Amino acid sequence: MRSSNVSECARLAGPERLPTPGCGGEVNATRQEEFHAYVAERRPVLLRAAKRLTGARAEAEAEDLLQAALAKTYLAWDRIEDRAAVDGYVRRAMVNTQISWWRRQKLDVYPTDRLPDRPADDDHAGRSETRDVLTRALRRLPERQRLAVMLRYYEDMSEREIAETLGVSVGTVKSTVSRAMAKLREFLAITP
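A brief structural summary. Computed from a prediction, not measured in an experiment: that's the story for all the values here. (Residues numbered from 1 in each chain as written. Predicted model: local features only at pLDDT ≥ 70, side-chain atom pairs only at ≥ 80, totals over all residues. Heavy atoms only, no water.)

**A word on the overall build of the protein chain**
Next up, step 1: A tally of regular secondary structure across the protein chain gives 8 helices and 2 strands.
Next up, step 2: Taken from the N to the C terminus, the helices and strands of the protein chain come in the order α-β-β-α-α-α-α-α-α-α.
Next up, step 3: Considering the protein chain as a whole, with its 192 residues, one finds that 28% of them fall into the buried category.
Next up, step 4: Long-range pairs, those at least 24 residues apart, make up 54% of the contacts in the protein chain with a sequence separation of at least 6.
Next up, step 5: When the accessible surface of the protein chain is summed, it comes to about 13500 Å², and 54% of that surface belongs to carbon and sulfur atoms. (Helix = DSSP H or I, 4+ residues; strand = E, 2+ residues; numbered from the N terminus. Buried < 20%, exposed > 50% of the residue type's maximum accessible area, 1.4 Å probe, protein only. Contact = heavy atoms within 4.5 Å. Areas by Shrake-Rupley, 256 points an atom, 1.4 Å probe, with all protein chains shown as cover.)

**Examining the environment of Ala-180**
Next up, step 1: Among the secondary structure elements, Ala-180 is positioned in helix H8 (residues 170–190).
Next up, step 2: Taking the C-alpha atoms as reference, Ala-180 lies 8.4 Å from Pro-142; in sequence the two are 38 residues apart.
Next up, step 3: With residues up to four places along the chain from it excluded, the contact list for Ala-180 reads Leu-141, Gln-145 and Val-149.

**Quick look at the packing of helix H2 (residues 29–54) against helix H3 (residues 59–76)**
Next up, step 1: Contact pair H2 / H3: the axes reach a minimum separation of 9 Å and the direction vectors enclose 140°. As summarised for this structure, H2 and H3 are arranged oblique, according to the angle between their axes. Both H2 and H3 take part in a crossing whose hand is right-handed. Residues Gln-32, Phe-35, Val-39, Arg-43, Leu-46, Leu-47, Ala-50, Lys-51, Leu-53 and Thr-54 of H2 pack against Glu-59, Glu-61, Ala-62, Glu-63, Leu-65, Leu-66, Leu-70, Thr-73 and Tyr-74 of H3.
Next up, step 2: A class-by-class count of the residues in the contact of H2 with H3 yields 11 nonpolar, 3 polar and 5 charged. (Axes fitted to C-alpha atoms, helices over the stretch in contact; angles between N-to-C directions. Parallel < 35°, antiparallel > 145°, perpendicular 65-115°, else oblique. Left-handed = near helix turned anticlockwise from the far one by under 90°. Nonpolar A, V, L, I, M, F, W, Y, C, P; charged D, E, K, R; others polar.)

**Section: the packing of helix H6 (residues 143–154) against helix H7 (residues 159–166)**
Next up, step 1: Interaxial distance between H6 and H7 falls to 10 Å at its minimum, and their mutual angle equals 135°. Classified by the angle between their axes, H6 and H7 sit oblique to one another. The two elements H6 and H7 meet at a crossing, and its hand is right-handed. Across from Arg-144, Leu-147, Ala-148, Leu-151 and Arg-152 in H6, the residues of H7 making contact are Glu-159, Ile-162, Thr-165 and Leu-166.
Next up, step 2: Classifying every residue of the contact of H6 with H7 gives 5 nonpolar, 1 polar and 3 charged.

**Describing the pattern of salt bridges**
Next up, step 1: One pass over the full model with this rule turns up 9 salt bridges.
Next up, step 2: Between Glu-63 and Arg-43 there is a salt bridge, with the nearest N and O atoms lying 2.7 Å from each other. With Glu-63 in helix H3 and Arg-43 in helix H2, this residue pair connects regions lying 20 residues apart in the sequence.
Next up, step 3: On the accessibility criterion, Glu-63 (29% relative accessible area) is partly exposed.
Next up, step 4: As a salt-bridge pair, Arg-160 and Glu-164 come within 3.2 Å of each other at their nearest N and O atoms. With Arg-160 and Glu-164 both in helix H7 and 4 residues apart, the pair spans about one turn of that helix. (Salt bridge = Lys/Arg side-chain N within 4 Å of Asp/Glu carboxyl O.)

**Focus: the nonpolar core**
Side chains that are nonpolar tend, in soluble globular proteins, to be buried together.
Next up, step 1: Tyr-38, Leu-46, Leu-66, Leu-70, Val-90 and Met-94 are the most contacted members of the largest nonpolar core, which totals 19 residues.
Next up, step 2: Among the elements of the structure, H2, H3 and helix H4 (86–104) are those that each provide at least two residues to this core.
Next up, step 3: No other element matches the 7 residues that H2 contributes to this core.
Next up, step 4: In this structure, Leu-46 is in contact with Tyr-38, Leu-66, Leu-70, Asp-87, Val-90 and Met-94, ignoring residues within four places of it in sequence. (Core = buried A, V, L, I, M, F, W, Y, C linked by side-chain atoms within 4.5 Å.)

**Focus: unusual backbone geometry**
Next up, step 1: At Asp-156, a position not held by glycine, the phi torsion is positive, near 60°.
Next up, step 2: Among the structural elements, Asp-156 can be located in the loop between H6 and H7.
Next up, step 3: Take Asp-156: its relative accessible area is 32%, and that puts it in the partly exposed class.

**Some details on the side chain of Asp-87**
Next up, step 1: As for its placement among the helices and strands, Asp-87 is situated in helix H4.
Next up, step 2: On the basis of relative accessible area, Asp-87 is assigned to the buried category, the value being 15%.
Next up, step 3: At a separation of 2.5 Å, a polar atom in the side chain of Asp-87 contacts the side chain of Tyr-38.
Next up, step 4: Leave out the neighbours within four places in its chain, and Asp-87 touches Tyr-38, Arg-42 and Leu-46. (Polar contact = N/O pair within 3.5 Å; in protein donor to acceptor, adjacent residues only side chain to side chain.)

Right under this line is the structure:
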């Protein structure tokens, strides 16, 4: 164990502490509860981010990626002073882990001189076009409505969380999201 880890482990040692993987020290029981509460609350949002990183592959791969990132976050939990930055820490851990896994993979597709007999099943152009149309429709919304929709459906925040974030009432959030969705439906209906 390196000396910096020894001093870190010494700092963590004390009464009411549980074993910490990786340094032989211990983690405060309340911090462990804090971590468990964080995971229980943010898991759906983080899993959605993991699915985006792993692409259209099996959900199990996204679960594995999230689990690996949460394990890294757990080990660093005491060092993360700003609890508002934990989502960013987990997402960065997922990106780094995914890149590491990607680099370790062997080449599954081997180049050949012959083209395949049938086209690939995925309609990348169609998905790209749909994403482009939706992005243009979102840009047409007023800033507050766009922000409310992104927080609600992209970040999966509750109406209460959005109200706290924006500093408005829950009723204002509900009406803002409702008006924004009506405008999006209108924009998408007239878009060719």
